[in-house]
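Each chain is listed here by its residues.
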Amino acid sequence: MEIGVCVKRVPMVGGKIVLTADAQELDTRMSGFTISPHEECAVEEAVQITERLGGTVSVITLGPEAAADQLREALALGAKRAVLLETDGREWGPIATAAAIVAEVRRHAADGPGYDLLLCGNEAADTGDYQVGFRVACALGWPCVTGIKNLEITETETGAGARARREYRGGEETFEFGLPAVICVKEGINLPRYPSLPGRLRAKRAEIERYEPQWQQEGLRKRSLRVPAAERKQATVLGTGADAVPALIGVLEEWGVLP
Amino acid sequence: MTVLCLAETDADGAADASLRALSFATGLAGGAPPAAVVFGPADHVPRDALAAHGAAAAYLIEPGQLAGYAPQAWARALAGLAAHTGAGAVVAAATDRGNEVMAYLGALTGQPMAANCVSAEPDGDGGYQVVRHRWAGLLLEDASLAGSPALMTVATEAVPAVAVAEPSTLAVHPYAPDLDADDLRVRATETAGHSSGASLATARVVVGGGRGVGGPDGFAPLEELAGLLGGVVGVSRVVTSEGWRPHRQQVGQTGTKITPELYLACGISGAIQHMAGCAGAKHIVVVNTDPGAPILAHADYAVVGDLGEVIPAVVAALKARSAGG
């Protein structure tokens with residue numbers, strides 16, 4: 001099974017979001033970067049599928065040269081091939097991002113075996129556009145579903161298929177369809193492994209394929225970013241250790257939350 | 001100008017998120033009431049709720065043609081309806097279904113789609129000035145949205161459901177979409193019933209545990225306290241990443257968003273992704289050894305101390321209180 005996994009490089013934010021002076025992006029001078037969380041699980045899912053069924057995991061990202069770090073993170077987890085769709089660091093919208101991924105899928109089909117399955121994260125942690133997977137699927141004519149927290153690859157009379165489940169209004173719903181397909185997964189579908197030492201070494205030496213797709217202006221245009229006004233002030237300290245418990249019980253009583 | 005709003009309904013009525021999206025849509029049309037779009041049998045149309053939240057009409061796509069949820073088919077039907085009505089905007093709640101139907105509608109029509117909007121104003125030029133969530137609402141983006149129709153999903157936790165002063169009588173129009181065979185490839189083959197028991201999303205009290213709990217064996221006192229308070233345990237991302245607790249208990253950007261009366265956060269430092277999940281709590285109390293932890297900037301009260309000492313003392317006090325009362 002040939003699986004492509006789309007990942008995004010996002011800042012690691014800790015206790016506070018700080019914006020640049022022009023309010024166009026996060027001030028990341030002090031932060032590290034990571035693979036967006038749902039996508040880390042997409043990498044793990046793909047690796048697990050190929051461990052069971054054989055095949056190759058390719059990890060694909062669109063971003064600046066530095067996003068090669070995230071490709072290497074995925075290689076260390078078990079991906080075998082890495083593709084960087086290199087940008088000049090500008091923010092890309094979902095339409096252009098999807099077009100660049102579609103070009104990679106077509107390239108892979110022309111030059112090699114082609115992907116049987118494309119896994120994406122449900123939404124990127126930073127922009128939260130919720131649509132790249134569907135735009136890719138629509139352009140390719142492939143089935144697509146999002147929010148998936150349980151995935152089985154099935155064999156049907158007509159070839160490989162997928163049985164995919166997600167939460168729905170307190171219950172669960174199941175989708176079944178044939179491959180190739182685009183499936184967008186959520187954190188919780190698995191527990192990503194820690195990279196092994198041999199994995200890290202392999203990742204460090206691995207070659208990265210590079211392409212330069214074309215940026216395009218989109219109909220949704222960012223003007224600026226802002227941090228919403230805080231609704232709460234600094235907490236009042238009730239006391240220290242068990243001595244503070246009577247005061248705490250008093251507060252809970254006042255709020256009417258005690259049974 | 002017509003505004004269409006996808007309304008997710010079942011035998012129990014309309015989803016609360018869809019009523020919020022309908023209220024959002026009511027504000028978009030410059031006073032003209034929006035039209036709801038309902039997929040399901042005619043007796044599943046929640047006429048009163050839709051009218052009360054501003055709809056004057058509902059387009060009904062009955063299951064004869066389209067049984068079960070099918071994202072591509074729903075998007076195709078919305079595209080047809082948008083063309084049929086000359087809609088200037090199509091909106092849906094930013095649920096799994098809402099986001100994916102609108103994403104596919106954007107792909108089908110080649111239009112941009114703005115996800116998780118909290119407000120939208122016509123810009124006088126056929127488009128909208130929108131405010132939308134990034135980082136699960138930790139950051140707001142001011143953006144301009146072009147597109148005909150303009151496509152938006154609504155961050156419903158930030159948009160209230162508002163009953164209109166004078167509801168219209170809902171006119172229900174059956175609509176038969178023109179579907180391709182491929183549109184039904186992805187379809188929900190089974191939809192399981194609602195789970196029983198207290199759910200994290202709706203619990204009145206949530207007792208949270210983070211790295212400070214120390215390991216998988218440290219949660220028993222939190223479980224006991226949650227039980228005494230009629231609540232449930234929620235955890236931070238580090239707890240699920242370490243495998244100490246199952247992911248379904250995670251509160252945060254990649255877990256569940258909670259809206260309890262009380263969130264008692266124990267041993268949680270307060271990474272902003274966690275705060276994205278608990279910002280909807282009415283009251284937040286922190287138990288933490290570090291009085292400088294970021295979470296104190298988002299809380300009402302704090303007890304500085306080791307949760308291993310504080311939580312058993314709270315449990316004992318609550319037991320003494322109920323025995324005495």
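Every value quoted in this text rests on a predicted model; they were computed, and no experiment measured them.

## With respect to helix α6 (residues 245-255) of chain A
Those residues of α6(A) lying buried are V245(A), L248(A) and L252(A). Taken around the axis of α6(A), the buried residues stretch over an arc of 60°, which confines them to a single face. In α6(A), those exposed residues whose orientation departs by more than 90 degrees from the buried face are P246(A), G250(A), E253(A) and E254(A). Where α6(A) is buried, its residues touch β14 (236-240) of chain A together with β15 (262-266), β16 (283-288), β17 (301-304) and α8 (307-324) of chain B. Two residues or fewer after α6(A) comes G256(A), characterised by a positive phi angle close to 75°.

## A short note on the packing of helix α2 (residues 68-77) of chain A against helix α5 (residues 197-205) of chain A
All names here are of chain A. In the contact formed by α2 and α5, the axes pass within 7 Å of each other and the chain directions differ by 140°. Relative to α5, α2 is oriented oblique. Here α2 runs over α5; the crossing is right-handed. The segment α2 lies against α5, with R72, L75, A76 and L77 engaging G199, R200, R202, A203 and K204.

## Here's the deal with the environment of N288(B)
All names here are of chain B. Of note, N288 is situated in strand β16. Separated by 279 residues in sequence, N288 and T9 place their C-alpha atoms 43 Å apart. Excluding residues that lie within four positions of it along the chain, N288 makes contacts with G212, G267, A293, I295, A302 and V304.

## Considering the nonpolar core
Ranked by internal contacts, the top residues of the largest apolar core, which has 199 residues, are V5(A), V59(A), I183(A), C5(B), L78(B) and V91(B). It is helix α3 (residues 71-85) of chain B that contributes the most residues to this core, 8 residues altogether. Discounting chain neighbours no more than four positions away, the residues touching V91(B) are V3(B), C5(B), A21(B), F24(B), A25(B), M152(B), T153(B) and V154(B).

## Describing the sheet that holds strand β9 (residues 139-145) of chain B
The strand order across the open sheet built from 10 strands is β13(A)-β9(B)-β8(B)-β7(B)-β10(B)-β6(B)-β1(B)-β4(B)-β5(B)-β11(B), with neighbouring strands paired in mixed fashion. Strands with a single pairing partner mark the edges of an open sheet, and in this sheet they are β13 (220-226) of chain A together with β11 (171-174) of chain B. Neighbour-to-neighbour, the strand axes of the sheet open up by a mean angle of 35°, direction not taken into account. Summarising the sheet, strand β7 (residues 113-122) of chain B and strand β10 (residues 150-154) of chain B pair through 3 bridges and their orientation is parallel. Pairing of M113(B) across the sheet is with L151(B), part of β10(B). Of the strands in this sheet, β1 (3-7), β4 (35-39), β6 (89-93), β7 and β10 of chain B are in contact with helix α1 (residues 16-28) of chain B, which crosses β6(B) at around 155°. Contacts from helix α4 (residues 96-109) of chain B reach β1, β6, β7 and β10 of chain B within the one sheet, and its direction differs from that of β10(B) by about 165°.

## Some thoughts on the domain arrangement of chain B
All names here are of chain B. According to the domain assignment, chain B consists of domain 1 (3-184) and domain 2 (205-324). Averaged C-alpha coordinates put domain 1 and domain 2 at centres separated by 36 Å. The interface is formed by 5 residues belonging to domain 1 together with 5 residues belonging to domain 2. Class assignment of the residues belonging to the side of domain 1 that touches domain 2 gives a composition of 3 nonpolar, 1 polar and 1 charged.

## A closer look at the interface of chain B and chain A
Contacts between the two partners involve 78 residues from chain B, matched on the other side by 68 residues from chain A. Counting only elements with at least two residues in the side of chain B that touches chain A, the list comes to α4, β7, β8 (128-134), β9, β12 (188-192), β16, β17 and α8 of chain B. Per element, the largest residue contribution to the side of chain B that touches chain A is 8 residues, and it comes from α4(B). Where strand β10 (residues 171-178) of chain A meets β12(B), 4 bridges bridge the pair, whose relative direction is antiparallel. Residue pairing in the sheet places T174(A) in a bridge with E190(B) of β12(B).

## As for the environment of V47(A)
Residues and elements named next belong to chain A. Counting through the fold element by element, V47 comes out in helix α1 (residues 37-53). The class for V47 is buried, based on 22 C-beta atoms found within 10 Å. Taking C-alpha positions, V47 is 11 Å from M1, a pair spaced 46 residues apart along the chain.

## Description of helix α4 (residues 132-140) of chain A
Residue and element names in this part refer to chain A. By the criterion of burial, α4 is predominantly enclosed, with 8 of the 9 residues buried. Those residues of α4 that fall on the buried side of the exposure criterion are V132, G133, F134, R135, V136, A137, C138 and L140. Of the residues flanking the end of α4, it is G141, one or two places downstream, whose phi is positive at about 75°.

## Here's the deal with the pairing of β17(B)
A regular strand places its side chains so that they alternate between the two faces of the sheet. Neither face of β17(B) is open: one carries Y301(B) and V303(B), the other A302(B) and V304(B), and all of them are buried. Pairing of β14(A) with β17(B) involves 4 bridges; the strand directions are parallel. Counterpart to G239(A) in the pairing with β17(B) is V303(B). Pairing between β16(B) and β17(B): 4 bridges, direction parallel. Residue V285(B) lies in a different strand from β17(B), and its bridge partner there is Y301(B).

## Topic: the packing of α3(B) against α4(B)
Residues and elements named next belong to chain B. Relative to each other, α3 and α4 sit at 60°, their axes nearing to 8 Å. One element, α3, and the other, α4, form an angle in the oblique class. The two elements α3 and α4 cross, and the hand of that crossing is right-handed. On the side of α3, the interface is formed by P71, Q72, W74, A75, R76, L78 and A79, while α4 contributes E100, V101, Y104, L105, L108 and T109.

Rules used in this analysis
- Numbering of residues starts from 1 in every chain and runs along the sequence as written.
- Chain A is the first chain written and ligand 1 is the first ligand written, with later ones labelled in order.
- The predicted nature of this model means local features are confined to residues of pLDDT at least 70 and side-chain atom pairs, given and counted, to a pLDDT of 80 or more, with totals for whole chains, interfaces and linings taken over all residues.
- Using C-beta atoms placed from the backbone, we call a residue buried if 20 or more other C-beta atoms fall within 10 Å of its own, exposed if 12 or fewer do, and partly exposed for counts in between.
- Per the convention used, a helix needs a DSSP run of H or I reaching at least four residues, while a strand needs a run of E reaching at least two, with both numbered from the N terminus.
- Arc definition: it is the arc formed by the directions from the helix axis to the C-beta atoms.
- Contact definition: two residues whose C-beta atoms, as placed from backbone geometry, lie within 7 Å.
- An axis is simply a line fitted to the C-alpha atoms; with a helix, the fit covers only the stretch in contact. Between two such axes, the angle follows the N-to-C directions and lies from 0 to 180 degrees.
- We call two directions roughly parallel when the angle between them is under 35 degrees, roughly antiparallel when it is over 145, roughly perpendicular when it lies between 65 and 115, and oblique otherwise.
- Crossings are assigned a handedness: left-handed for a near helix turned anticlockwise from the far helix by less than a right angle, right-handed for a clockwise turn.
- For the purposes of this analysis, a nonpolar core is taken to be any set of buried Ala, Val, Leu, Ile, Met, Phe, Trp, Tyr and Cys residues that are connected through C-beta atoms within 7 Å.
- Note on pairing: two strands pair once DSSP finds at least 2 bridges between them.
- Domains are outlined according to an automatic or database domain assignment.
- All residues other than Ala, Val, Leu, Ile, Met, Phe, Trp, Tyr, Cys, Pro, Asp, Glu, Lys and Arg, Gly among them, are scored as polar; the first ten of these are nonpolar and the last four charged.

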